[in-house]
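A look at the structure
Here are the chains, one letter per residue:
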Amino acid sequence: MIEAQQLTKRYGEKTAVDGLDFDVKPGTVTGFLGPNGAGKSTTMRMIVGLDAPTSGSVTVNGRRYARHQAPLQEVGALLEAKSIHPGRSAYNHLLALALTHGIPRRRVHEVIELAGLGSVAKKRAGAFSLGMGQRLGIAAALLGDPQTVMLDEPVNGLDPEGVLWIRNLLKALAEEGRTVFVSSHLMSEMALVADHLIIAGRGRLLADTTVGDLVREAGGDTVQIATQEAARLREVLAGPGVEITGRSGSEELQVTGLSAREIGLKAAEHGIALFELTARTVSLEEAFMNLTRDAVEYHGSTTVETPEPVGSNA
Ligand SMILES: Nc1ncnc2c1ncn2[C@@H]1O[C@H](COP(=O)(O)OP(=O)(O)OP(=O)(O)O)[C@@H](O)[C@H]1O
């Protein structure tokens, strides 16, 4: 369990993390989302004591990270800037970590196998591809068999097989009852792996929700209808769990709680002609964009100047 209370970090004038309150619970995968500069990495660094909060606090299993007697066995973390001696082999890197933390040599072999590094374990880590480096970072995070696992952008640089591996690994760790906290920019990936989401923007908490609720609140399950008999259709469709909105006198209605197919069948049954029947599907990506639009720090330009073709007479 990770608990942040009014967690705040300022760098001079810049407030990177601004009064964050959240809990990350065991037994589920919690995704940590937010646009660039939202404060995700800073928050994760504070969780493992690499940065000190300016105010507020964050604890792991009720204690600050530094207060744990065997922190590596408590929290396993993969953070972006991992320092690995480039001349050292993956095996020796993990062994050095294990020996300095009272972790048996046997566990080094276990995590090497778990991370799929068996064939390259004796090679220099400095020659590793980005994906291999990520696997080594994850192996190091799992070395202490920690109850809490925290990974910053773990799929970064992984090939499709690696992405699938991470997805299954995170789910398996959560099923074992561990606390799994993972940041990513890949919404589609988060939709597949995370049960719960914590979304930040400009250091503030924007949402603490489930994937389903986020999409639902963004209008994910809405069906747009147009009919001349809006009032009668409202009566026909009304029922438990069904919500119908639309201006009075308007031909347009928005319905949640029924599928387009169910609405079409009911309308036909009652001889009500429809001019429009459109299921609005909102992806997690769209829901996220809606939520964070105002909190995006670095906007890209969408207008591209087309250079004049070389040799053009125009
Ligand atoms: N050491 C530092 N000194 C000054 N400003 C910093 C420092 N570290 C982070 N920041 C600023 O704090 C804000 C939050 O940064 P952080 O890296 O935590 O965001 P993030 O959500 O992880 O972003 P990204 O998705 O790009 O990795 C940014 O505006 C960043 O420039």
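Because the structure is a prediction, the values reported are computed rather than measured. (Residues numbered from 1 in each chain as written. Predicted model: local features only at pLDDT ≥ 70, side-chain atom pairs only at ≥ 80, totals over all residues.)

Here the focus is the domain arrangement of the chain. Taken domain by domain, the chain consists of domain 1 (2-210) and domain 2 (221-280). A C-alpha centroid distance of 46 Å is found between domain 1 and domain 2. (Domains from an automatic or database assignment.)

This part covers unusual backbone geometry. A positive phi is found at Glu 153, a non-glycine position, where the angle reads about 50 degrees. The exposure class assigned to Glu 153 is partly exposed, which follows from the 19 C-beta atoms found within 10 Å. Unusually for a residue other than glycine, Arg 202 sits at a positive phi of about 50 degrees. By the element assignment, Arg 202 lies in the loop between β8 (196-201) and β9 (204-210). In this structure Arg 202 comes out as partly exposed when scored by C-beta crowding, with 19 C-beta atoms within 10 Å. (Buried ≥ 20, exposed ≤ 12 C-beta atoms within 10 Å, placed from the backbone. Helix = DSSP H or I, 4+ residues; strand = E, 2+ residues; numbered from the N terminus.)

If you check helix α5 (residues 130-142), its first and last C-alpha atoms are 19 Å apart, about what 13 residues at 1.5 Å a residue would give, namely 18 Å. Considered for burial, the residues of α5 that qualify are Met 132, Gln 134, Arg 135, Leu 136, Gly 137, Ile 138, Ala 139, Ala 140 and Ala 141. Looking at the buried side of α5, the elements it contacts are β5 (75-78), α3 (90-100), α4 (105-114) and β6 (148-152). (Expected span 1.5 Å × (residues − 1). Contact = placed C-beta atoms within 7 Å.)

Turning our attention to the nonpolar core. Considering soluble globular proteins, one finds that nonpolar side chains tend to be buried as a cluster. By size, the foremost hydrophobic cluster in this structure holds 68 residues, and its most contacted members are Ile 47, Leu 94, Ile 112 and Ala 139. Among all residues touching Ala 139, those that are not within four sequence positions of it are Leu 94, Val 111, Ile 112, Leu 114, Ala 115 and Leu 117. One finds Val 223, Leu 233, Leu 258 and Ala 267 within the second-largest nonpolar core, a separate group that totals 9 residues. (Core = buried A, V, L, I, M, F, W, Y, C linked by C-beta atoms within 7 Å.)

A few words on the sheet that holds strand β12 (residues 252-256). Taken in spatial order, the 4 strands make up an open sheet running β11-β12-β10-β13, and their pairing is antiparallel. One side of each edge strand has no neighbouring strand; the edge strands of this open sheet are β11 (243-245) and β13 (274-279). Mean inter-strand twist for the sheet, computed between neighbouring axes without regard to direction, equals 20 degrees. As defined by bridge partners, strand β10 (residues 223-227) adjoins β13 across 5 bridges and the pair is classed as antiparallel. Within β13, the position partnered with Ala 226 by the bridge is Glu 276. Helix α9 (residues 230-237) rests against β10, β11 and β12 of the sheet, and its axis sits at about 10 degrees to β12. Packed onto the sheet, helix α10 (residues 260-269) meets β10, β12 and β13 and runs at close to 160 degrees relative to β13. (Pairing = 2+ DSSP bridges. Axes fitted to C-alpha atoms, helices over the stretch in contact; angles between N-to-C directions.)

On to the pairing of β10. Within a regular beta strand, the side chains point alternately toward one face of the sheet and then the other, so they alternate between its two faces. Sheet topology places β10 next to β12; 4 bridges connect them, and they run antiparallel. Across the sheet, residue Gln 224 finds its bridge partner in β12, namely Gln 254.

Before going further, it helps to examine the site of the ligand. Close to the ligand lie Tyr 11, Lys 14, Ala 16, Gly 34, Asn 36, Gly 37, Ala 38, Gly 39, Lys 40, Ser 41 and Thr 42, which account for all nearby residues. Within the residue set of the shell around the ligand, elements represented by two or more residues are β2 (14-24) and α1 (40-47). Among the elements that take part in the shell around the ligand, α1 stands out by supplying 3 residues, more than any other. (Near = placed C-beta within 6 Å.)

Bringing the sheet that holds β2 into the picture now. With respect to topology, 3 strands assemble into an open sheet ordered β2-β1-β4, the strand pairing being antiparallel. Looking along the sheet, the strands with just one partner apiece sit at the ends: β2 and β4 (55-60). Along the sheet, successive strands turn relative to each other by an average axial angle of 20 degrees, direction set aside. Pairing analysis gives 5 bridges linking strand β1 (residues 2-11) to β4, with the strands arranged antiparallel. Counted as the bridge partner of Ile 2 is Val 60 from β4. Across the face of the sheet, α1 comes into contact with β1, β2 and β4 while running at roughly 115 degrees to β1.

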